[in-house]
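Chain by chain, the residues:
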Amino acid sequence: MKTKNLIILFAVVVAVAAYIFLFERHRPTTDEAKADAEKVLKNFDIEQVQEIIVEDSSSSVRLEKTGDAWRLREPIDYPASESAVSTALGSLADLEADRRLPLSEVDPSEYGLDPPAVSISLRFADDSERMLSIGGELPLGSNRAVRVDGADEIAVTAGWFVSDLQRSVDDWRSRNVVDVMADDVASIDIRTDEDVIRAVRDGDRWQLLEPLEDVADADHLTSLVSDLNSLQIEEFIDDPGDLDEIGMVTPEYELTVVRSDGAGPLRLLLGATREVDGAAQVACRRGEDDYFWVADGVRKRLSKAPVLWRSKKVAPFDTWNAASLEISASGDSVTLGYDDMVWTLDDGIEADMTAVQDRLRALADLEASDYDLMQPLTAEMGAVTVGFRADEDEGAPEALSFRFFSPLSEGGKAMVQVSNRSTLMSVDTATVESNVGNLEALRPPPVAEEPETDE
């Protein structure tokens, strides 16, 4: 009997535990239920809202969600401020009733509901709708009366939320000029009256096509995209009037950014400048019809001379992707391979990891001080070839080969030719010497023998 009772008791415990796990844990706690009861909008899911209409006696604004983005549809068609929409919906979700009054016991006009000061219509993903009628500020405070979906009661609540919904059209508009990350850019084209700069991106590598063909300055281009993304609209120009006055007839800069995802290109024109409260602003046109003033920050980066958009680094690469290293100088040479986190010399001896990484890092960071030099008539100082690990999808990148030549005069710069660039460049001589010299330093230091002791 005792065993039978224990089995029955165990079954009851399991059933209760299963019930709690499957059902009770999804029910709101007492505090949650109380908080939900005080909400003006019950069962309100922000993520399901697809349309917002805000109307008052003098204006009407309609916003619509398309995909994951919000767009202002009326009174103009324009990208909406995601933060403004998020704040407005959050305010509605958090709205709590201080008091609830039966409609039969109050006069709606005394609470500013006949007619309402503000009306808000919400449409959801399932095409259901909800309507809020909001009265004006009540005497002796900023409270507002709210009637939801024509209910037979009104809720009196703090009126702070109205400012998040009753915005001007400009406050609903997005002030972002550009929304594109560097990894999403396929090419950048920059034009002025006399110059053209064109660069294309291939993975992490930027290639300059105009004004000459060479490796582009990836850091500068990435910073340019970052500058574009940080641009904020200071003032909208809905009626540009005389385009010559804002510098749009002959703009100073014309930028075209092509996206790698196939979306339409982004085109910006930068024209006249002005000063507002001590800060410089520049007139900007986006596409064909959007005109506005933005803070003048990006023009400084655009003003760089076209030939200086080429990479200062001789051949930048990720040192941790290196799989092999060959160095030759003065008739001596060494070959190393990288496997299982270890660099090994061609005779099977484990190399000095720090020494190898230092040389790779010096190569990757090597900067040119001059370009397009004449072919050297000097002796070769040495050569380095770096091989790389294979990518699962694209295979192994081409190896990089460096050939270093002695300076033309004592104390001058060394010269370098690299396999992925057609230009001959000058570089720091001491850096070259430390990279191709003293190959024995790549071997691990000898282990000191312990001195013999007399027993």
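Everything numeric here is computed off the predicted structure, so don't read it as measured data. (Residues numbered from 1 in each chain as written. Predicted model: local features only at pLDDT ≥ 70, side-chain atom pairs only at ≥ 80, totals over all residues. Heavy atoms only, no water.)

Some words on unusual backbone geometry
Okay, so step 1: For the peptide bond that leads from Glu74 to Pro75, omega is 10 degrees, which places it in the cis range.
Okay, so step 2: The omega angle of the peptide bond from Glu210 to Pro211 is 10 degrees, so this bond is cis rather than trans.
Okay, so step 3: Relative to the assigned elements, Pro211 resides in the loop between β12 (205–210) and β13 (214–215).
Okay, so step 4: The backbone of Ser330 sits at a positive phi, close to 55 degrees, despite the residue not being glycine. (Helix = DSSP H or I, 4+ residues; strand = E, 2+ residues; numbered from the N terminus.)

Notes on the pairing of strand β18 (residues 290–295)
Okay, so step 1: Here strand β14 (residues 233–236) pairs with β18 via three bridges, running antiparallel. Directly across from Ile233, in β18, lies its bridge partner Val294.
Okay, so step 2: Sheet topology places strand β17 (residues 279–286) next to β18; six bridges connect them, and they run antiparallel. The partner of Gln281 across the bridge, within β18, is Ala295.
Okay, so step 3: Here β17 folds back onto β18, and the loop between the two strands holds three residues, one of which, Gly287, carries a positive phi near 65 degrees. (Pairing = 2+ DSSP bridges.)

A look at the sheet that holds strand β2 (residues 60–66)
Okay, so step 1: The nine strands are arranged β4-β3-β2-β1-β6-β7-β8-β9-β5 in an open sheet whose pairing can be described as antiparallel. The open sheet is flanked by β4 (78–79) and β5 (99–102), the only strands paired with a single partner.
Okay, so step 2: As defined by bridge partners, β5 adjoins strand β9 (residues 153–157) across four bridges and the pair is classed as antiparallel. Each residue of the ladder has a partner; that of Arg100, found in β9, is Ala155.
Okay, so step 3: Strands in contact with helix α3 (residues 82–94) are β1 (49–56), β2, β3 (69–74), β6 (118–124) and β7 (129–134); relative to β3, the strand with the most contacts, it is inclined by about 90 degrees. (Contact = heavy atoms within 4.5 Å. Axes fitted to C-alpha atoms, helices over the stretch in contact; angles between N-to-C directions.)

Focus on helix α9 (residues 429–436)
Okay, so step 1: Among all positions in α9, only Thr429, Val432, Asn435 and Val436 are buried. When α9 is viewed along its axis, its buried side chains cluster within an angular range of 130 degrees and face the same direction.
Okay, so step 2: Of the surrounding secondary structure, the elements contacted by the buried residues of α9 are β19 (322–329), α8 (353–365), β22 (380–388), β23 (400–405), β24 (414–418) and β25 (425–427).
Okay, so step 3: For α9, the N-terminal cap is Asp428; the gap from its side-chain oxygen to the backbone nitrogen of Ala430 is 3.5 Å.
Okay, so step 4: One or two positions beyond α9, positive phi appears at Asn438, with a value near 45 degrees. (Buried < 20%, exposed > 50% of the residue type's maximum accessible area, 1.4 Å probe, protein only. Arc of directions from axis to C-beta. Polar contact = N/O pair within 3.5 Å; in protein donor to acceptor, adjacent residues only side chain to side chain.)

Overview of the packing of aromatic side chains
Okay, so step 1: If you walk through the whole model with that rule in mind, you get six aromatic pairs.
Okay, so step 2: Between the aromatic rings of Trp160 and Phe161, the centroid separation amounts to 6.4 Å while the plane-to-plane angle is 85 degrees, which identifies the pairing as edge-to-face.
Okay, so step 3: Of the residues examined, Trp160 reaches a relative accessible area of 44% and is grouped as partly exposed.
Okay, so step 4: Pairing Phe317 with Phe388 gives two aromatic rings, centres 5.6 Å apart and planes at 70 degrees, and the pair type is edge-to-face. With Phe317 in the loop between α7 (298–302) and β19 and Phe388 in strand β22, this residue pair connects regions lying 71 residues apart in the sequence.
Okay, so step 5: The buried category is assigned to Phe317, whose relative accessible area is 14%.
Okay, so step 6: Using a relative accessible area of 13% as the deciding quantity, one classes Phe388 as buried.
Okay, so step 7: A cation sits over an aromatic face here: Arg173 above Tyr78, 4.5 Å from the ring centre.
Okay, so step 8: Looking at Arg173, its charged tip hangs above the ring of Phe236, at a distance of 3.9 Å from the centre. (Phe/Tyr/Trp six-rings, centres within 6.5 Å; stacked < 30°, edge-to-face > 60°. Lys NZ or Arg CZ within 6 Å of the ring centre and 35° of its normal.)

Looking at the sheet that holds β23
Okay, so step 1: Strand order in this open sheet of seven strands is β21-β20-β19-β22-β23-β24-β25, and the pairing throughout is antiparallel. Here the strands that pair on one side only, and so sit at the sheet edges, are β21 (342–345) and β25. Averaged over all pairs of adjacent strands, the angle between their axes in this sheet comes to 25 degrees, without regard to strand direction.
Okay, so step 2: One ladder, built from three bridges, connects β24 with β25; its direction is antiparallel. Note that in β25 the partner of Met415 across the bridge is Ser426.

Looking at the nonpolar core
Okay, so step 1: Membership of the largest hydrophobic core comes to 37 residues, with the highest contact counts inside it found for Val314, Val386, Phe402 and Phe404.
Okay, so step 2: With five residues, the single largest contributor to this core is α8.
Okay, so step 3: When neighbours within four sequence positions are excluded, Phe404 is seen to be in contact with Leu363, Leu366, Ala379, Glu380, Met381, Gly382, Val384, Met415, Val416, Val432 and Val436.
Okay, so step 4: By size, the runner-up hydrophobic cluster in this structure holds 33 residues, among which are Val180, Ile190, Val225 and Phe236. (Core = buried A, V, L, I, M, F, W, Y, C linked by side-chain atoms within 4.5 Å.)

Focus on the confidence of the model for the chain
Okay, so step 1: Of all residues in the chain, 89% have pLDDT values of 70 or greater, and the mean over the chain is 88.
Okay, so step 2: The secondary structure element of the chain with the lowest average pLDDT is helix α2 (residues 30–38), at 54, and the one with the highest is β23, at 96.
Okay, so step 3: Predicted confidence is poor over residues 29–34, with pLDDT under 50, and the contacts of this stretch with residues over four places away or in other chains come to two contacts. (pLDDT = per-residue confidence, 0-100.)

Let's talk about the pattern of salt bridges
Okay, so step 1: Counted by the stated rule, this structure contains 33 salt bridges.
Okay, so step 2: Note that Arg73 and Glu64 form a salt bridge whose closest N and O atoms lie 3.0 Å from each other.
Okay, so step 3: Taking the shortest distance from any N to any O, the salt bridge between Arg173 and Asp170 comes out at 2.8 Å.
Okay, so step 4: What makes Arg173 buried here is its relative accessible area of 4%.
Okay, so step 5: What makes Asp170 partly exposed here is its relative accessible area of 29%.
Okay, so step 6: One connected set of salt bridges, linked through shared partners, spans Glu51, Arg62, Glu64, Arg71, Arg73, Glu74, Asp77, Arg123 and Asp127. (Salt bridge = Lys/Arg side-chain N within 4 Å of Asp/Glu carboxyl O.)

Here we look at a negative patch on the surface
Okay, so step 1: On the surface, Asp179, Asp183, Asp184, Asp204, Asp261 and Asp318 cluster together to form a negatively charged patch.
Okay, so step 2: Position of Asp318 among the secondary structure elements: in the loop between α7 and β19.
Okay, so step 3: You can call Asp318 partly exposed: its relative accessible area is 42%. (Patch = residues over 30% accessible without salt bridge, like charges linked within 9 Å, V, L, I, M, F, W, Y side chains within 5 Å. Areas by Shrake-Rupley, 256 points an atom, 1.4 Å probe, with all protein chains shown as cover. Lys, Arg positive; Asp, Glu negative; His and termini not counted. Charge placed at Lys NZ, Arg CZ, Asp CG, Glu CD.)

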